[in-house]
Amino acid sequence: MRKIALKEVEINGEKLPYYCDLFVLSKIQEKMSVAQFERDILGAKPRTDEEGNIIRDEDGRIQLIFDHYVIETMIFGLTLMINEGITVMKDQEECSLGEVNEAYIGRCCTMQPAELSDLLSEEFNRCFAVKKNQTTENQKTKTQ
């Protein structure tokens, strides 16, 4: 297995690894769309007109307004990413950490919502950036 560099987040005085990969994305999709997850952790919602219709820009993209973070989604996402980080760490080295649950994260995470949003969205976006880069590199190799 390849060596994965894990980031850490401090929860209740303990440094815990976190990681987002396809497994985490699949668990997110069991509960909601990946796009909805991203909107929730960013505190964004689609802009609507007086009749409730979603407003799109000239390129067809949904216009967003930043309203409030969906804390439940943030706790859910952080729990998934920490548990995946723990699993990856156990695959790579000796690790005595056990899985965490949403109640623990919700009660013990002291990060401000904006800070947690940044952490989650950065890791979420890294997951997609890696996939795009690997696909591009693989395509270049095949065509050369």
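Above this text you will find the structure in question.
Everything numeric here is computed off the predicted structure, so don't read it as measured data.

What counts, and where the lines are drawn
- Residues numbered from 1 in each chain as written.
- Predicted model: local features only at pLDDT ≥ 70, side-chain atom pairs only at ≥ 80, totals over all residues.
- Heavy atoms only, no water.
- Pairing = 2+ DSSP bridges.
- Helix = DSSP H or I, 4+ residues; strand = E, 2+ residues; numbered from the N terminus.
- Patch = residues over 30% accessible without salt bridge, like charges linked within 9 Å, V, L, I, M, F, W, Y side chains within 5 Å.
- Areas by Shrake-Rupley, 256 points an atom, 1.4 Å probe, with all protein chains shown as cover.
- Salt bridge = Lys/Arg side-chain N within 4 Å of Asp/Glu carboxyl O.
- Buried < 20%, exposed > 50% of the residue type's maximum accessible area, 1.4 Å probe, protein only.
- Contact = heavy atoms within 4.5 Å.
- Phe/Tyr/Trp six-rings, centres within 6.5 Å; stacked < 30°, edge-to-face > 60°.
- Axes fitted to C-alpha atoms, helices over the stretch in contact; angles between N-to-C directions.
- Parallel < 35°, antiparallel > 145°, perpendicular 65-115°, else oblique.
- Left-handed = near helix turned anticlockwise from the far one by under 90°.
- Nonpolar A, V, L, I, M, F, W, Y, C, P; charged D, E, K, R; others polar.

1. Topic: the pairing of strand β1 (residues 7–11)
For a regular strand, side-chain orientation follows a simple rule: the groups alternate between the two sheet faces. Pairing of β1 with strand β2 (residues 14–18) involves 5 bridges; the strand directions are antiparallel. Among the inter-strand pairings, Lys7 is bridged to a residue of β2, identified as Tyr18.

2. Some remarks on a nonpolar patch on the surface
A cluster of nonpolar side chains, namely Leu42, Ile54, Ile62, Leu64 and Phe66, defines an oily patch on the protein surface of about 430 Å² accessible area. Here Ile62 shows up in the loop between β3 (44–46) and β4 (64–66). When its relative accessible area of 32% is taken as the criterion, Ile62 is described as partly exposed.

3. A short note on the side chain of Asp21
Mapped onto the elements of the fold, Asp21 is located in the loop between β2 and α1 (22–31). For Asp21, a relative accessible area of 12% corresponds to the buried category. Aside from chain neighbours lying at most four places away, what touches Asp21 is Glu84 and Cys127.

4. Quick word on the packing of aromatic side chains
Counted according to the given criterion, the structure contains 2 aromatic pairs. Here Phe37 and Phe124 contribute two aromatic rings whose centre-to-centre distance is 5.5 Å and whose plane-to-plane angle is 50 degrees, an arrangement assigned as tilted. On the criterion of sequence distance, the pair formed by Phe37 in helix α2 (residues 34–42) and Phe124 in helix α5 (residues 113–143) is long-range, its members being 87 residues apart. Take Phe37 and Phe124: they sit in the same class, and that class is buried. Summarising the aromatic geometry, the rings of Phe124 and Phe128 are spaced 5.1 Å apart at their centres and angled 65 degrees between planes, so their arrangement reads as edge-to-face. Of this pair, Phe124 and Phe128 are both found in helix α5, 4 residues apart, which corresponds to roughly one turn of the helix.

5. Considering the environment of Lys27
Position of Lys27 among the secondary structure elements: in helix α1. Classification of Lys27 as partly exposed rests on a relative accessible area of 27%. Each C-alpha atom, one on Lys27 and one on Phe76, is 9.9 Å from the other, the two residues being 49 residues apart in sequence.

6. Quick notes on the packing of α1 against helix α3 (residues 71–92)
Packing of α1 against α3 leaves a shortest axis separation of 10 Å and a crossing angle of 150 degrees. It follows that α1 is roughly antiparallel to α3 by the angle criterion. At the point where α1 passes α3, the crossing takes the right-handed sense. Of the residues in α3, those in contact with Phe23, Val24, Lys27, Ile28 and Lys31 of α1 are Glu72, Phe76, Leu80, Met81 and Glu84. Grouping the constituent residues of the contact of α1 with α3 by class yields 6 nonpolar, no polar and 4 charged.

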